[in-house]
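Here is how the chains run, residue by residue.
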Amino acid sequence: MASLSFKAALVYLMDMSQSSFLSPENAPEKAENAAGRVQVMVPAPVPRAYDYALPEGMDLAVGDYVSVPLGRRDMPGVVWATGAGDPAVDPRKIKTVLQKFSAVPPMPETHRQFLERVARYTMSDLGAVLKMSLSVPEALLPPKTVPAYTRAATVPQKLPPQRQKVADLLSDGVPRRAVDIARATGCSAAIVRGMAAAGQIAAASVAAPVPCRMVDLSAGKLDFSPAQREAAEALRSMVVADRFAAVLLDGVTGSGKTEVYFEAVAAALAVGKQALILLPEISLSAQFLERFARRFGVSPALWHSEVPAAQRRLTWQGVAEGRTKVVVGARSALFLPFANLGVVVVDEEHDASYKQEEGVMYHARDMAVLRARLGHFPAVLVSATPSLETMANVKTGKYAYLRLPARHGGAKLPDMHVVDLRRDPPARQRFIAPPLLAALKQNLEAGEQSILFLNRRGYAPLTLCRTCGHRFQCPSCTTWLVEHRRYGRLQCHHCGHAQKMPAACPACHDEGSFAACGPGVERIQEEVHDLLPEARTLVLASDIVTSPNMIRDAIRQIEEQKVDIVIGTQIVAKGHHFPGLTLVGVVDADLGLAGGDLRAGERTFQLLHQVSGRAGRGEKPGRVYIQTFMPEQNVIRALAANDRDAFLETEAAERERAGMPPFGKLASLILSSADQMKLEEFCRHLARIAPRYDDIRILGPAEAPLAFLRGKHRRRFLIRAGREVHIQKYLSEWLDGIKTPSSVQLRIDIDPQSFF
Ligand code: ADP
Ligand code: ZN
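Residues numbered from 1 in each chain as written. Chains lettered and ligands numbered in written order. Predicted model: local features only at pLDDT ≥ 70, side-chain atom pairs only at ≥ 80, totals over all residues. Heavy atoms only, no water.

## Here's the deal with the overall build of the chain
The helix and strand inventory of the chain stands at 20 helices and 29 strands. A globule of 756 residues ought to have a C-alpha radius of gyration of about 27 Å, and the chain, at 29 Å, matches this closely. Judged by the C-alpha coordinates and their principal axes, the chain covers about 85 × 75 × 60 Å. Split into buried and exposed, the 756 residues of the chain put 52% on the buried side. Carbon and sulfur atoms form 51% of the exposed surface of the chain, whose accessible area is close to 33500 Å². In the chain, which carries 92 positive and 79 negative side-chain charges, the distance between the mean positions of the two groups comes to 3 Å. (Helix = DSSP H or I, 4+ residues; strand = E, 2+ residues; numbered from the N terminus. Rg over C-alpha atoms; globule rule 2.2 N^0.38 Å. Buried < 20%, exposed > 50% of the residue type's maximum accessible area, 1.4 Å probe, protein only. Areas by Shrake-Rupley, 256 points an atom, 1.4 Å probe, with all protein chains shown as cover. Lys, Arg positive; Asp, Glu negative; His and termini not counted. Charge placed at Lys NZ, Arg CZ, Asp CG, Glu CD.)

Here you go:
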């Protein structure tokens, strides 16, 4: 139902720039010559495999990578089954497989099962899920080569000792890269090149080496505390048991969780298997990679959106062949066709970025657990602020539980102070209240660093005209435009629309009448400059530090104490370890609590807990100031008391009472269209035909909170069901066979995380 027709899939394929990367010669034309048939799944939004004829002399097995014609293009694909899938198809219409890719091993059965299960769970087309696995189709071609050297045709008689070593090494006829020769013989690469120039060795080529092959399991092993040792031992025995398990590794930031799960990775590698570590994209920091390299003596293979295509191709091949041992990646790394995966780690398992919100809407944490189940190995979920879902699974005994009780080396948790903005308001047009300002001043005088945290980019979230009240709104979305003063622009944070800040009000043409309402990080920086002019400040926000290099630079500046006050959005919350940082000020703790999102409390708690954890990680103790208008709110109280478990319990009790996840199931239908009439008509139709059951409630259709987004009107249904309900089955019963008008888009979101 969510699938395109075959014809629509073709149109889609026309847009795929990477297609016809192959033009095979002499592809057989006639299907009648074919020896048999196979069913090939292509990476396009189609629900099932299509039949193709097997050309004479080609042997194909399930899992083989092939190229097939689809429409007027060639597509890569995977043999999903042998024999005819659809005997009714006119044999003259069946096209023939063009080529088999023999450079890579076939897609493992476990991986195919995984893709099928993901498609079924998320109610997506199998082809769309396969596309996530075939994200670098060039990887199917023989590997790229790099320059190398081998023995010369005639072996030179007398050589100086160093050169003789090189000649001896190469006498086996195996070509090697200059760096490998240099490493093996202890001579410089220049000598190798000199010998080649003198004809003493010959130029050759070898396949480019795949990343992360040789891992040193004992490189940077630490002396563990008893609690760490116990947890590491438990993980190790799960890995060697060759059985599925899911386990939560729980512990405050700095308790050594990373070091402990590195032991699970080591255990998998020790028995010849591969390991996958998933991180929220934003935490794939240089700091993490350095730690990995310290522990294992090599860099891991990296997998995320910024990795260049050539590197991705090598990693894909190395993973498929089983030669690349460890991948550290964002959620999409889950779809790499591992030859022999032995453990998957999901660090920061509670992080919302594990949910993919476009295309196939999957949750990487949950799919990692599924992957582990199919592959008979453990999934290790790691967090200092576990999600309610994971905690519920621990409570019922579905997931095992390991806890690290304290920060390593006895560093203390920071002191928490709640600033009640009703009692201690900031000055007019200011946002830093007196208690926080005093603490900042004191920290500055003591030469210690501070963070001001505000999860809002730009200068001000709303601009209005004081004369006529005009407000700047996005032309394509129901949102206000955010002023970015540094760029002189107004921007929409949902669709990217940007316009120059005009000189006069577009409604009343008054000049100089604009008022900025509310703060963004840029405005906080301005305030710090006014109030503490001697402080050196740095703004960390994704629109300002836009590349990994810029982030690295910023972090280095902070580490080298060149910055006194960091003003940042959530990118300051994650992962970083700044020993000189002793004060965290949360400018607006209530920001995330507005809006009534199901997980608003949980997310705010996680974020503020994480950002608080940046304070006092070194020798000196830390302090946290939380500015709020609602000091009695659950989240704020739990943060102030450093009582995570109490928070989780009240939150869980509330969810249970409301029948909300993890105590009930949710799914969303999101409908959008440029044509509001058609959209509303179709929504009414859907509501009318929805099957009724006692334990299933349908809310909606309702205007989505973002009722207008990127030029389209949006409506939502929310389906709430009991925990035992098979919600996908219900949705199929409701939606299978319905005809969605071509101007309306219908998307299904199972276990929705966002509700806008
Ligand atoms: P978490 O992942 O729980 O935040 P980490 O594994 O990052 O904790 O550990 C925090 C810091 O303490 C790191 O710098 C780490 O190298 C160090 N550390 C943890 N355990 C030990 C240990 N047993 N010996 C020495 N250093 C340790
Ligand atoms: Zn917009």
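## Topic: the coordination of the zinc ion (ligand 2)
The reference angle at a metal is 109.5 degrees if four donors form a tetrahedron and 90 or 180 degrees if six donors form an octahedron. Within the first shell, the zinc ion (ligand 2) binds the protein through C474 (SG), C477 (SG), C492 (SG) and C495 (SG), at distances of 2.3 to 2.4 Å. Coordination geometry of the zinc ion (ligand 2): the four donor atoms subtend angles of 106 to 113° at the metal centre, consistent with an arrangement described as tetrahedral. Here the donor residues of the zinc ion (ligand 2) share one chain and are spaced in sequence as C-x2-C-x14-C-x2-C. With C477 in the loop between β17 (462-465) and β18 (482-484) and C495 in the loop between β19 (489-491) and β20 (498-500), this pair connects stretches of sequence that are 18 residues apart. Given a relative accessible area of 1%, C477 falls into the buried group. (Donors = N, O, S within 2.8 Å, 3.2 Å for Na, K, Ca; no water. Tetrahedral: all angles 85-135°; square planar, octahedral: opposite > 155°, others 65-115°.)

## Some points on the site of ligand 1
Not every one of the 14 residues close to ligand 1 is listed here, only the nearest: D223, G254, K257, T258 and R291. Between D223 and ligand 1, the recorded distance is 2.7 Å, taken from a backbone N or O atom to a nitrogen atom. For ligand 1, the accessible surface in isolation is 550 Å², of which the surrounding protein chains cover 79%. Counting residues per element, the shell around ligand 1 draws most heavily on helix α8 (residues 257-270), at three residues. Residues of the shell around ligand 1, tallied by class, amount to three nonpolar, seven polar and four charged. (Near = heavy atom within 4 Å. Polar contact = N/O pair within 3.5 Å; in protein donor to acceptor, adjacent residues only side chain to side chain. Nonpolar A, V, L, I, M, F, W, Y, C, P; charged D, E, K, R; others polar.)

## Concerning the pattern of salt bridges
Applying the stated criterion to the full structure yields 32 salt bridges. The closest approach of N and O atoms between D90 and R92, which form a salt bridge, is 3.3 Å. The salt bridge involving D250 is made with R644; its shortest N-O contact spans 2.7 Å. A residue pair is termed long-range when its members are at least 10 positions apart, and D250 in strand β8 (residues 245-251) and R644 in helix α18 (residues 644-658) qualify at 394 residues. Comparing D250 with R644 shows no difference in burial state: the two are buried. Among the charged side chains, a network of salt bridges with common partners joins K221, R236, E263 and R295. (Salt bridge = Lys/Arg side-chain N within 4 Å of Asp/Glu carboxyl O.)

## Here we look at the environment of D180
As for its position among the elements, D180 is in helix α5 (residues 178-185). C-alpha separation for the pair D180 and A148, spaced 32 residues apart in sequence, amounts to 9.3 Å.

## Remarks on a positive patch on the surface
On the surface, a cluster of positive charge is made up of R117, R120, R373, K398 and R723. Note on placement: R120 falls in helix α2 (residues 109-122). Looking at R120, the relative accessible area reads 58%, which means it is exposed. (Patch = residues over 30% accessible without salt bridge, like charges linked within 9 Å, V, L, I, M, F, W, Y side chains within 5 Å.)

## So, the sheet that holds strand β10 (residues 301-303)
Ordered in space as β10-β11-β9-β12-β13-β8-β14, the seven strands form an open sheet in which the pairing is parallel. Taken across any chain shown, the strands that pair with only one partner, and hence form the sheet edges, are β10 and β14 (400-404). Ignoring which end each strand starts from, the neighbouring axes of this sheet average 20° apart. The sheet contact formed by strand β12 (residues 341-347) and strand β13 (residues 378-383) spans four bridges and is parallel. What sits directly across from D347, in β13, is V382. Each of β8, β9 (274-278), β11 (326-329), β12, β13 and β14 is contacted by α8, which is oriented at about 165° to β12, the strand it contacts most. Where helix α11 (residues 364-375) meets the sheet, it contacts β8, β9, β12 and β13, and its direction lies at approximately 155° from that of β13. (Pairing = 2+ DSSP bridges. Axes fitted to C-alpha atoms, helices over the stretch in contact; angles between N-to-C directions. Contact = heavy atoms within 4.5 Å.)

## A short note on the nonpolar core
Counting residues in each nonpolar core, the largest one holds 139 residues, and the members touching the most others are Y261, I277 and W316. Here this core takes nine residues from α8, the largest share from any one element. What I277 contacts, discounting residues up to four positions off in sequence, is Y261, F262, V265, F288, F292, V326, V327, V328, G329 and V345. Judged by nonpolar contacts, the second largest core, of 25 residues, contains A439, L532, A535 and I544. (Core = buried A, V, L, I, M, F, W, Y, C linked by side-chain atoms within 4.5 Å.)

## A closer look at the packing of aromatic side chains
Per the stated rule, a full pass over the model turns up 13 aromatic pairs. With 5.0 Å between their ring centres and 75° between their planes, F335 and Y362 make a pair best called edge-to-face. Note that F335 is positioned in the loop between β11 and β12 and Y362 in the loop between β12 and α11, a separation of 27 residues in sequence. Taken individually, F335 and Y362 each receive the classification buried, so the pair is uniform in this respect. Each member of the aromatic cluster is reached from another via a ring pair, and the members are Y261, F262, F288, F292 and F296. (Phe/Tyr/Trp six-rings, centres within 6.5 Å; stacked < 30°, edge-to-face > 60°.)

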